[in-house]
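# Fold and contact review
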Amino acid sequence: MVVADLGCSSGSNTLRFVSEVIGIIARHCKELDRRHDRPPQLQFFLNDLPGNDFNNLFQLIEQFNKSTARKHKGEAESGALPPSYITGLPGSYYTRIFPSESVYLFHSLFCLQWRSQAPEQLKGTKKTCLDIYITKTMSPSMVKLFQQQFQKDFSLFLKLRYEELVSGGQMVLAFIGRKHEDVLTGESNHLYGLLAQSLKSLVDEGLVEKEKLESFYLPMYSPSVGEVEAIVKQVGLFNMNHVKVFETNWDPYDDSESDVVHNSIRSGENVAKCLRAVMEPLVASQFGEAILDKLFQEYARRVAKHLENEKTKHAVLVLSLKKPIHV
Ligand SMILES: C[S@@+](CC[C@H](N)C(=O)[O-])C[C@H]1O[C@@H](n2cnc3c(N)ncnc32)[C@H](O)[C@@H]1O
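To keep things clear, this report deals only with the structure shown in the data block. Computed from a prediction, not measured in an experiment: that's the story for all the values here.

Right, let's get into the nonpolar core. In this structure, Phe-154, Phe-157, Leu-158 and Tyr-299 are the most contacted members of the largest nonpolar core, which totals 73 residues. By residue number, the principal contributor to this core is helix H4 (residues 140–164), which donates nine residues. Apart from residues no more than four positions distant in its own chain, Phe-154 is found in contact with Leu-112, Leu-173, Val-228, Ile-231, Val-232 and Leu-319. One finds Leu-15, Ile-25, Phe-44 and Ile-86 within the second-largest nonpolar core, a separate group that totals 19 residues.

On to the pattern of salt bridges. Two side chains that carry opposite charge are able to pair once their charged atoms sit near each other. Scanning the entire structure with this criterion turns up 15 salt bridges. Two residues, Glu-164 and Arg-161, come together in a salt bridge whose shortest N-O distance is 2.7 Å. With Glu-164 and Arg-161 both in helix H4 and three residues apart, the pair spans about one turn of that helix. For Glu-164, a relative accessible area of 0% translates into the label buried. Its salt-bridge partner being Arg-276, residue Glu-280 comes within 2.8 Å of it at the nearest N-O pair. Taken together, the residues span about one helical turn, with Glu-280 and Arg-276 both in helix H8 (residues 264–287) at a distance of four residues. Judged by relative accessible area, Glu-280 falls into the partly exposed class, the value being 28%. Connected via shared salt-bridge partners are Arg-96, Arg-161 and Glu-164.

Attention shifts here to the pairing of strand E5 (residues 165–177). The buried count for E5 comes to ten of 13 residues, which makes it a mostly enclosed element. Both strand E4 (residues 103–109) and E5 contribute to a ladder of six bridges, which runs parallel. For Val-103, the partnering residue across the bridge sits in E5 and is Leu-165. Each parallel crossover has a hand, and for E4 linked through H4 to E5 it is right-handed.

Let us now look at the side chain of Ser-264. Relative to the assigned elements, Ser-264 resides in helix H8. For Ser-264, a relative accessible area of 11% puts it in the buried group. Within the structure, Ser-264 has its side chain in polar contact with the side chain of Glu-308 (distance 3.4 Å). The residues contacting Ser-264, other than those within four sequence positions of it, are Ala-304 and Glu-308.

A separate point is the site of the ligand. Taken together, the neighbourhood of the ligand is formed by 14 residues, with Gly-7, Asp-48, Ser-92, Tyr-93 and Leu-109 sitting nearest. Within the side chain of Asp-48, a nitrogen or oxygen atom sits 2.6 Å from an oxygen atom of the ligand. Within the backbone of Tyr-93, a nitrogen or oxygen atom sits 3.1 Å from a nitrogen atom of the ligand. Compared with its free state, where it exposes 600 Å², the ligand has 82% of that area covered by protein. Looking at the shell around the ligand, its residues break down into seven nonpolar, six polar and one charged.

This part covers the environment of Gln-43. Note that Gln-43 resides in strand E2 (residues 42–48). Since its relative accessible area comes to 27%, Gln-43 is described here as partly exposed. For the pair Gln-43 and Val-2, spaced 41 residues apart in the sequence, the C-alpha separation amounts to 4.8 Å. Not counting chain neighbours up to four residues away, the residues in contact with Gln-43 comprise Met-1, Val-2, Val-3, Tyr-85 and Thr-87.

Helix H7 (residues 225–235) packs onto H4 with a crossing angle of 50° between their chain directions and a minimal axis gap of 10 Å. By the angle class used here, H4 and H7 are oblique. The two elements H4 and H7 meet at a crossing, and its hand is right-handed. Residues Gln-147, Phe-150, Gln-151, Phe-154, Ser-155, Leu-158 and Lys-159 of H4 form the contact with H7, whose participating residues are Glu-227, Val-228, Ile-231, Val-232 and Val-235. Residue classes in the contact of H4 with H7 are distributed as seven nonpolar, three polar and two charged.

Two modes of strand pairing occur in sheets, parallel and antiparallel, and in both the strands are linked by backbone hydrogen bonds. On the basis of which strands lie adjacent, the open sheet formed by seven strands has the order E3-E2-E1-E4-E5-E7-E6 and mixed pairing. The sheet is open, and its two edges are formed by strand E3 (84–90) and strand E6 (239–249), each paired on a single side. Neighbour-to-neighbour, the strand axes of this sheet turn through a mean angle of 15°, independent of strand direction. Sitting on the sheet, helix H1 (residues 16–32) touches strand E1 (2–6), E2, E3 and E4, and the angle it makes with E2 is about 160°. Packed onto the sheet, H4 meets E1, E4, E5 and strand E7 (313–322) and runs at close to 150° relative to E5.

Calculation rules
Residues numbered from 1 in each chain as written. Predicted model: local features only at pLDDT ≥ 70, side-chain atom pairs only at ≥ 80, totals over all residues. Heavy atoms only, no water. Core = buried A, V, L, I, M, F, W, Y, C linked by side-chain atoms within 4.5 Å. Buried < 20%, exposed > 50% of the residue type's maximum accessible area, 1.4 Å probe, protein only. Helix = DSSP H or I, 4+ residues; strand = E, 2+ residues; numbered from the N terminus. Contact = heavy atoms within 4.5 Å. Salt bridge = Lys/Arg side-chain N within 4 Å of Asp/Glu carboxyl O. Pairing = 2+ DSSP bridges. Right-handed = clockwise from strand over helix to strand, strands pointing away. Polar contact = N/O pair within 3.5 Å; in protein donor to acceptor, adjacent residues only side chain to side chain. Near = heavy atom within 4 Å. Areas by Shrake-Rupley, 256 points an atom, 1.4 Å probe, with all protein chains shown as cover. Nonpolar A, V, L, I, M, F, W, Y, C, P; charged D, E, K, R; others polar. Axes fitted to C-alpha atoms, helices over the stretch in contact; angles between N-to-C directions. Parallel < 35°, antiparallel > 145°, perpendicular 65-115°, else oblique. Left-handed = near helix turned anticlockwise from the far one by under 90°.

If you want it as structure tokens, here you go:
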């Protein structure tokens, strides 16, 4: 079975998905008590953009293989542990990355909110410093360009994966979306709006050129369930098995369900570290590395202030799609 994780990154979370799949299949084979049948062989492909730190990832794989052998010693002895082979696959998932009908399961976590690029038509368009992502003051035609970019990217993604999946193959996709249909009131609008304000404060201090901020757009879009369902339906290639929205606190270290932020300064710093981990290469390529520390300190301060008034959460969309079996 070929299984692929799209947008895997190279940190300690990367191999969790692989570990889950191996564990599930080993348990399943143990339950079936396959004394004579051998478990399926698993080929994992870990995909990310070519700039991802694949060297680090390969070192993690080496340690992971050793710990998997220790963890599943019992299943290995009873012959239920599926042999697994893990490899890296650099390339954008907005292109073909597998031969036709070769993949059984695609997984992608926290990636599909990234667009393939900021909308082409926005290049050279005059905007205010604060409009790096959708804001309430942005012109409706500009908002539409962000939406259209998502529609274009997501339909392309579905068509490409359809080609690559075996008949009956499945995808589990989770990414940052929006709880409400109104495109102007998403939780991401706050998150990126505070980044825009922080960048603007560096413009006011003379540390960032105004023109650079005026031409900067985030290649992101957080869709609603309705938007995602409409595209899946329009593309018409997949059955939607399941779709759900859940919420997670902006501060990844705060797993309480209460509506109170206990330490807004610390939460502000945690959110800033998270956003920095995700955005640093993009911000550095537009504004240079010299501003990064100051920018994210300012951002942490603004997030802390925001969280004092309102504990904000990300809306995460999870969908499970199946390519119909052709008989
Ligand atoms: C927030 S990280 C998520 C990493 C990992 N899936 C996790 O949940 O810990 C998003 C990843 O998506 C990758 N990514 C963004 N656009 C991509 C594309 N077009 N093709 C492949 N990977 C992409 C980024 O390089 C980054 O590593």
